[in-house]
Every structure is written in structure tokens, then in C-alpha cells.
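Fold and geometry: a report
What follows is each chain in one-letter form.
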Amino acid sequence: MAAGDRRRSARKVGVRALRTGVVLALLAWVLLPFYFLLLVALTSKADSLRTPPRWIPAMDFGSFQKIFDSAFSGAPPSNPSDLIVPGMRNSAVVAVCVAVLNVVIASTAGYAFARFRFPGSRAVPGLMLGSQLVPVFALVVPFYVMLHSMGLTDTRTGIVIAHLGFTVPFSVWMMRAYFNGIPVEVDRAAMIDGCTRWQVFARVVLPLARPGIISVGLFSFMVSWNDFLFALVLNSRTDAMLIQPAISGLYNVREQSFGIMAAGTLLAALPTMLLALVSQRFLVRGLTSGVGKV
């Protein structure tokens, strides 16, 4: 083998090794926190305070058992761990409502902005997207005052309205971009065949926009599920508490239930992780389609 070929071969091996090292480092960066959560969740309370820690879990499911036993015992909540499963139930109701309403509002508004020309049809989507630059902390007080005046604080309905306030703008912008990627000739051909504008939208365009619709639903569901600030400030009732404030309530001055906190965090992360794994193809396609025709 010539010297030049050996150098090229060595360079390829070095590049491949560097690429593999970067990928392994990124995997470690992403997966190590979950491993530590699993380690703490499956470790008894006595072992969780060991120094050095036990790197192989002892497979103690006491933390998970305590969460589920308290949830299905039928007794009123007496410990913060009793609110984990009800909090997941409340978060699921709120997140599903937010996702469905986002799909309905964003698909209709996005189609209108993409297909019709009216005063503000080009400026309004940009302003809606620019509203995402406003810090979420700045919206808490206005939302609280507005919802309190309507009697919607301490209710799941009020939290749904608040979540719609910071998810709908991006959802509309995303659906508008996706509809811009669908040729206008599709609408015209359907109208020539006798479809009304509403039939074109419902029967022709929406099926073509299915990846974008799934992306909007996933995005709004995940944002609503992972919200902590609004769920904490806008609600103080235990029967309407969402999962993120319920997990934070496990840490108090009298007792730090690290095992139950880790178990609750893993349970809270499970739905969004499964959704992302199952629907990542639609999520990526919906987020990237139409970006050239925004």
C-alpha cells in the first residue's frame, strides 16, 4: 500500500473514531440523568444516602409501590406522594384538551393565513411568532388577574386557557408554513370538481397536512404536560393539581423523599418519551415541511 493510501486510511479511521466518540459523549450526556433517576428510584432510602453510591440498582420497587398504593387506596390524600397519580390524570386531561384545541385553532387559522389575502395576513403570523419572545414569567400575572376575574383560577379550565395562550401562536405559524408547502393547485382542482372551500379544506387539504397536524398536537401536548409555572400559580387545589407541582411538593423541609421524587419524575417523563419515540417521524416531517415557503 502506498504511503498516500495509508495516510488516507489512517485519516478515515481517525475521523470515524472522533465521530464515534462525539456520539457516545452525547448519548452519555442525555442518558446519564435518566440512569441516575432510575438508580435513585430503585434504591431503598438507606442505600440512597450511601457514599459512594451503589452504581447497580438494588431493584427496590418500594417508591413506585408507595405511589400506586396511595393512589388506589381510596383514602383522601394525606401525603405529597398521594398526588402523583391524580396529578398525572389531571395533566393528561389538560394536555389532551390543549392539544385538541391547538389542532382545531391552528389548522383553521393557518389555512386562512396561507390561502387568503386580507389586511394583516402577512404581518399577523410574524407578530404571533414574535410573541414567543416574551418571557413566560411576564405572562403569569396578567393571566392570573384575567382568570381570577372570570372565576377560573383553581380550575383545570383556567390552566387550559393559559396553556393555549403560549402554544397557539407557534402552532398557527407552524400550520401556516405547512399549508404553504401544499400547492394551491390542489385547492383549485378540487373546486373545479365541485368542492366548496370548506370541503376542500376538510376533505383534501387536511389529509395532506396530517404530519403537520400530528406535530402540532405533539408539540402542544408536551408543552402543556411539562409546564410547571402556570400549573403552580393558577391552581392551589389538591384535586386539580397537575403532575409537575405534585412532584415538587415531594421536597419539603421535614422530609426529602428522593426515591419517590425520582420515581414520580420517571412516571411523569414516560408519556412524553413514548409519544416522541412513536411519532418522531411525523414530528420531524411536520416541523421541517414548508419551511422554505414561510
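Our structure is the block above this text.
Given the structure is predicted, the values throughout are model-derived calculations rather than measurements.

Some points on the side chain of Ser215
- Note on placement: Ser215 falls in helix α9 (residues 210-226).
- Note on Ser215: relative accessible area 0%, which makes it buried.
- Of the polar contacts made by the side chain of Ser215, one reaches the backbone oxygen of Pro211; its length is 2.8 Å.

Quick word on the nonpolar core
- Residues Phe179 and Phe230 are the most contacted members of the largest nonpolar core, which totals 32 residues.
- Where this core is concerned, the elements lending two or more residues are α3 (84-115), α5 (137-149), α6 (156-180), α8 (197-208) and α10 (229-233).
- Here this core gets 11 residues from one element, more than from any other, and that element is α6.
- Of all hydrophobic cores here, the second largest spans 23 residues; its members include Phe64, Trp225, Leu267 and Ala268.

Looking at the pattern of salt bridges
- According to the stated counting rule, one finds three salt bridges in the structure shown.
- A salt bridge links Arg115 to Asp187; the shortest N-O distance between them is 3.0 Å. Remark: Asp187 occurs in helix α7 (residues 184-192) and Arg115 occurs in helix α3; sequence separation between them is 72 residues.
- Given a relative accessible area of 2%, Asp187 falls into the buried group.
- Its salt-bridge partner being Arg197, residue Asp187 comes within 3.4 Å of it at the nearest N-O pair. Linking Asp187 in helix α7 with Arg197 in helix α8, this pair joins segments that are 10 residues apart in sequence.
- Note on Arg197: relative accessible area 32%, which makes it partly exposed.
- Residues participating in the shared-partner salt-bridge network are Arg115, Asp187 and Arg197.

Quick word on the environment of Cys195
- For Cys195, the position within the fold is in the loop between α7 and α8.
- For Cys195, a relative accessible area of 22% gives the class partly exposed.
- Those residues in contact with Cys195 that sit more than four places away from it in its chain are Ala190 and Val200.

A look at the packing of aromatic side chains
- Enumeration over the complete set of coordinates arrives at 12 aromatic pairs.
- Pairing Tyr111 with Phe179 gives two aromatic rings, centres 5.6 Å apart and planes at 85°, and the pair type is edge-to-face. Here Tyr111 is found in helix α3, whereas its partner Phe179 is found in helix α6, with 68 residues between them in sequence. Accessibility classification places Tyr111 together with Phe179 in one group, the buried group.
- One aromatic cluster in this structure is built from Tyr111, Phe116, Phe179, Trp198 and Phe201.

Parameters at a glance
Residues numbered from 1 in each chain as written. Predicted model: local features only at pLDDT ≥ 70, side-chain atom pairs only at ≥ 80, totals over all residues. Heavy atoms only, no water. Helix = DSSP H or I, 4+ residues; strand = E, 2+ residues; numbered from the N terminus. Buried < 20%, exposed > 50% of the residue type's maximum accessible area, 1.4 Å probe, protein only. Polar contact = N/O pair within 3.5 Å; in protein donor to acceptor, adjacent residues only side chain to side chain. Core = buried A, V, L, I, M, F, W, Y, C linked by side-chain atoms within 4.5 Å. Salt bridge = Lys/Arg side-chain N within 4 Å of Asp/Glu carboxyl O. Contact = heavy atoms within 4.5 Å. Phe/Tyr/Trp six-rings, centres within 6.5 Å; stacked < 30°, edge-to-face > 60°.

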